[in-house]
Protein chains: 2
Amino acid sequence: MTTQEQREQDRQSEGQGAGRGQEQALDVFAQLCPSRAMFAELADKWSLLILMCLAELGAQRFSGLQRAVDGVSRKMLTQSLRTLERDGLVRRTVHPQTPPRVVYDLLSPGRELAALVTPIGRWTELNTERMLAAREEFDALHAGAAEE
Amino acid sequence: MTTQEQREQDRQSEGQGAGRGQEQALDVFAQLCPSRAMFAELADKWSLLILMCLAELGAQRFSGLQRAVDGVSRKMLTQSLRTLERDGLVRRTVHPQTPPRVVYDLLSPGRELAALVTPIGRWTELNTERMLAAREEFDALHAGAAEE
DNA sequence: CTGTATCCGAAATGATACTG
DNA sequence: CAGTATCATTTCGGATACAG
């Protein structure tokens with residue numbers, strides 16, 4: 001039995017034990033599962049930063065987001081926002097003016113997800129020094145790896 | 001004042017208020033901050049799946065991981081594991097045998113991070129249907145977008 | 001079994017110019 | 001302001017062959 005099959009059986013057992021009518025067949029570890037595609041889409045630098053940013057700062061205009069998410073190009077920002085909007089995580093509101101004013105904010109699913117993502121951003125900040133130190137050590141050990 | 005500068009000042013105020021000696025200068029939103037580079041490295045499909053996998057299944061051999069993280073190639077698996085090892089998140093243990101036996105498991109930082117990542121994987125599975133539905137609706141609305 | 005090295009097509013991304 | 005369109009470049013990532 002493969003690991004994939006084992007995992008599926010585990011989850012089916014759980015589902016039956018709890019008596020839930022909805023089978024939990026979705027599995028991000030399975031290559032062909034739709035949830036894997038969704039996960040791959042969300043597990044993206046820009047998407048996660050945008051979600052965190054909207055959660056932290058609240059509703060933002062396009063230009064505001066571009067300033068907040070430092071380094072993102074208009075192209076990538078547009079693209080990521082479209083995807084997030086399409087999946088129902090972000091709402092795009094156009095105020096008909098000249099010049100146009102477009103505001104983005106999080107919908108409920110987006111807020112849920114952002115609440116899970118933000119701690120990872122914070123963790124990364126708090127642990128960057130440690131990881132950089134580990135990296136130096138690793139590189140030092142593997143620099144002259146053909147000795148003795 | 002830019003959003004970046006505002007954020008930095010916010011955090012400095014927090015730090016001063018709490019009287020912490022270590023200034024929290026790291027910011028994943030800042031393009032040039034080392035933590036941004038770390039975040040970009042971690043915010044990767046394969047890295048996150050590997051972390052979740054090791055947390056869920058415990059220590060795993062290379063071949064075990066390749067089966068568990070369905071669809072990953074040897075190349076990407078090796079590459080991601082090297083990065084995680086280099087940053088001190090994953091430990092690689094070689095048991096000198098023929099054929100060689102290599103086991104990977106999480107170090108403390110890796111376990112910490114995996115604990116934050118796993119909920120995102122679970123959330124994705126639980127919300128995939130909803131996001132796919134939103135996507136259909138979005139696509140339907142924007143299919144004939146040049147009417148009226 | 002656990003990799004490494006190389007080739008190569010596909011996809012992501014930045015820069016730039018243009019538009020409503 | 002808020003994008004879109006296009007091009008150039010880089011990077012990703014799979015396939016394959018080879019190695020300890």
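Residues numbered from 1 in each chain as written. Chains lettered and ligands numbered in written order. Predicted model: local features only at pLDDT ≥ 70, side-chain atom pairs only at ≥ 80, totals over all residues. Heavy atoms only, no water.

What to know about the relation of the copies chain A and chain B
If you rotate chain A by 180° and push it 0.0 Å along the axis, it lands on chain B with an RMSD of 0.0 Å. Both chain copies can therefore be described as sitting about a two-fold axis. A symmetric contact is evident, with 100% of the interface residues of chain A recurring at the interface of chain B. (Least-squares fit on C-alpha atoms with pLDDT ≥ 70 in both. Contact = heavy atoms within 4.5 Å.)

Considering helix H5 (residues 74-86) of chain A
Residues and elements named next belong to chain A. Here H5 contains 13 residues, and its C-alpha end-to-end distance of 18 Å stays within 8% of the 18 Å for a straight helix at 1.5 Å per residue. For H5, every residue scored as buried is listed here: Leu77, Ser80, Leu81, Leu84 and Glu85. An end-on view of H5 places all buried positions within 135° of arc, on one side of the element. (Helix = DSSP H or I, 4+ residues; strand = E, 2+ residues; numbered from the N terminus. Expected span 1.5 Å × (residues − 1). Buried < 20%, exposed > 50% of the residue type's maximum accessible area, 1.4 Å probe, protein only. Arc of directions from axis to C-beta.)

Re the protein's contact with DNA strand C
Every one of the 18 residues lining DNA strand C counts as a neighbour, but Lys75 of chain A together with Ser63, Thr78, Arg92 and Tyr104 of chain B are closest to it. The share of sugar and phosphate among atoms of DNA strand C within 4 Å of the protein is 62%. At 2.9 Å from a sugar or linking oxygen of DNA strand C is found a side-chain nitrogen or oxygen belonging to Arg61 of chain B. Arg74 of chain B places a polar side-chain atom, nitrogen or oxygen, 2.9 Å from a base oxygen of DNA strand C. Those elements giving two or more residues to the surface near DNA strand C turn out to be H5 of chain A together with helix H4 (62-68), helix H5 (74-86) and strand E3 (101-106) of chain B. If one sorts the elements of the surface near DNA strand C by residue count, H5 of chain B sits on top with four residues. By residue class, the composition of the surface near DNA strand C is eight nonpolar, three polar and seven charged. (Near = heavy atom within 4 Å. Polar contact = N/O pair within 3.5 Å; in protein donor to acceptor, adjacent residues only side chain to side chain. Nonpolar A, V, L, I, M, F, W, Y, C, P; charged D, E, K, R; others polar.)

Describing the side chain of Arg36 of chain B
With respect to the helices, strands and loops of the structure, Arg36 of chain B is situated in helix H2 (residues 34-42). Buried and unpaired, Arg36 of chain B has Asp70 of chain A as its nearest opposite-charge partner, separated by 5.7 Å. Not counting residues up to four positions away in its chain, the partners in contact with Arg36 of chain B are Trp46, Leu49, Val69 and Asp70 of chain A together with Val28, Phe29, Ala30 and Gln31 of chain B. (Lys, Arg positive; Asp, Glu negative; His and termini not counted. Salt bridge = Lys/Arg side-chain N within 4 Å of Asp/Glu carboxyl O.)

Things to note about the packing of helix H3 (residues 45-57) of chain B against H5 of chain B
Residues and elements named next belong to chain B. Interaxial distance between H3 and H5 falls to 9 Å at its minimum, and their mutual angle equals 75°. It follows that H3 is roughly perpendicular to H5 by the angle criterion. On the side of H3, the interface is formed by Trp46, Ser47, Ile50 and Leu51, while H5 contributes Met76, Leu77, Ser80, Leu81 and Leu84. (Axes fitted to C-alpha atoms, helices over the stretch in contact; angles between N-to-C directions. Parallel < 35°, antiparallel > 145°, perpendicular 65-115°, else oblique.)

Some thoughts on the protein's contact with DNA strand D
Around DNA strand D, 17 residues are found, and the nearest of them are Ser63, Arg74, Arg92 and Tyr104 of chain A together with Lys75 of chain B. Close to the protein, within 4 Å, the atoms of DNA strand D are drawn from sugar and phosphate at a rate of 58%. Between DNA strand D and Ser63 of chain A there is a distance of 2.8 Å, counted from a phosphate oxygen to a side-chain nitrogen or oxygen. Here a phosphate oxygen of DNA strand D sits 2.6 Å away from a polar atom, N or O, in the side chain of Arg92 of chain A. Elements with a contribution of two residues or more to the surface near DNA strand D: helix H4 (62-68), H5 and strand E3 (101-106) of chain A together with H5 of chain B. The element contributing the most residues to the surface near DNA strand D is H5 of chain A, with four residues. Among the residues forming the surface near DNA strand D, the class breakdown is seven nonpolar, three polar and seven charged.

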